[in-house]
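Summary of structural features
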Amino acid sequence: MTRGKLFVISGPSGVGKGTICKKLLEADSNMRFSVSMTTRAAREGEVEGVDYYYVSEDKFLELLDEGQLLEYNKFVDNYYGTPRGPIVDWTESGHNVLLDIDYHGAFQVRESYPEAILIFIAPPSIEALKERIRGRGSETEEQIEGRIKQAMDDMAQADRYDYLVVNDDINAAVWQVQQIMRIEKGKED
Ligand code: ADP
Ligand code: 5GP
């Protein structure tokens, strides 16, 4: 059986990664989503085990110490990481896996899985990004400014990715990611 591929999606917070991933998963029942672990609080509407596994900082550091995380990063006072077990199980049973993680994590994944495909999602403009974060309504103005500063840092990494997709129209962005996946799935291992 062909080993499943890892598709890593990164980009600034609020750019639409979650929205894109949801649409990709709805369109492909064979694709699996890597649910990350985080020490941040759940946002309104987020569900344990679907959006994230919400854990205490102590628990997170314990799992990290045990080698149970494929990668991790600290972002705006909270830890985020990818549980290793599901990735190994899914890729070995032939499923392609989608990861929504930041660039620190993406490059750690590339170290462990050099064949992983890294896709960067960019906003059409910084103003549009601010509006999306505001529209989500889950951050204070101060937190939004923090996320915009972080966004500039994220954008500087875009050219280290295999592909760049601008999320202006959501359906066009999803379509472009699907084309990338088709091309990559068609390549010989
Ligand atoms: P991320 O996962 O990157 O933090 P989200 O998927 O939560 O971002 O999207 C942030 C906000 O932007 C959400 O309210 C979402 O509905 C909205 N959004 C996503 N893509 C677009 C788009 N192409 N145009 C306008 N709004 C968008
Ligand atoms: P948010 O709090 O908006 O859900 O996520 C904040 C940032 O953490 C985003 O850039 C997101 O991509 C990143 N992130 C989410 N999960 C992980 C993870 O498992 N590992 C890493 N390195 N970053 C993650």
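Residues numbered from 1 in each chain as written. Chains lettered and ligands numbered in written order. Predicted model: local features only at pLDDT ≥ 70, side-chain atom pairs only at ≥ 80, totals over all residues. Heavy atoms only, no water.

Some remarks on the site of ligand 2
The environment of ligand 2 is formed by 17 residues, the closest being Ser-36, Arg-40, Tyr-52, Glu-71 and Tyr-80. Within the contact set of ligand 2, an oxygen atom lies 3.3 Å away from a side-chain nitrogen or oxygen of Ser-13. Arg-147 places a polar side-chain atom, nitrogen or oxygen, 2.8 Å from an oxygen atom of ligand 2. The fraction of the free accessible surface of ligand 2 (510 Å²) that becomes covered by protein chains is 96%. If you map ligand 2 onto the pockets, it falls in the largest pocket. Sorting the residues of the shell around ligand 2 by element identifies strand E5 (69–75) and strand E6 (78–83) as the ones contributing at least two each. The residue makeup of the shell around ligand 2, split by class, is four nonpolar, six polar and seven charged. (Near = heavy atom within 4 Å. Polar contact = N/O pair within 3.5 Å; in protein donor to acceptor, adjacent residues only side chain to side chain. Areas by Shrake-Rupley, 256 points an atom, 1.4 Å probe, with all protein chains shown as cover. 1 Å grid on protein atoms, 1.4 Å probe; cavity = no way out; pocket = protein on both sides within 12 Å on 5 of 7 lines; lining within 4 Å. Sits in = over half its atoms within 2 Å of the grid points. Helix = DSSP H or I, 4+ residues; strand = E, 2+ residues; numbered from the N terminus. Nonpolar A, V, L, I, M, F, W, Y, C, P; charged D, E, K, R; others polar.)

Regarding the site of ligand 1
Close contacts around ligand 1 come from 14 residues, with Gly-14, Gly-18, Thr-19, Arg-136 and Asp-168 the closest. Residue Lys-17 places a main-chain N or O atom 2.8 Å away from an oxygen atom belonging to ligand 1. Within the contact set of ligand 1, a nitrogen atom lies 2.7 Å away from a backbone nitrogen or oxygen of Asp-168. Using a 2 Å cut-off from the grid points, one finds that ligand 1 occupies the largest pocket. Only helix H1 (17–27) and helix H5 (126–136) provide two or more residues apiece to the shell around ligand 1. Considering every element that reaches the shell around ligand 1, the biggest residue donor is H1, with three residues. Looking at the shell around ligand 1 residue by residue, the class counts come to three nonpolar, six polar and five charged.

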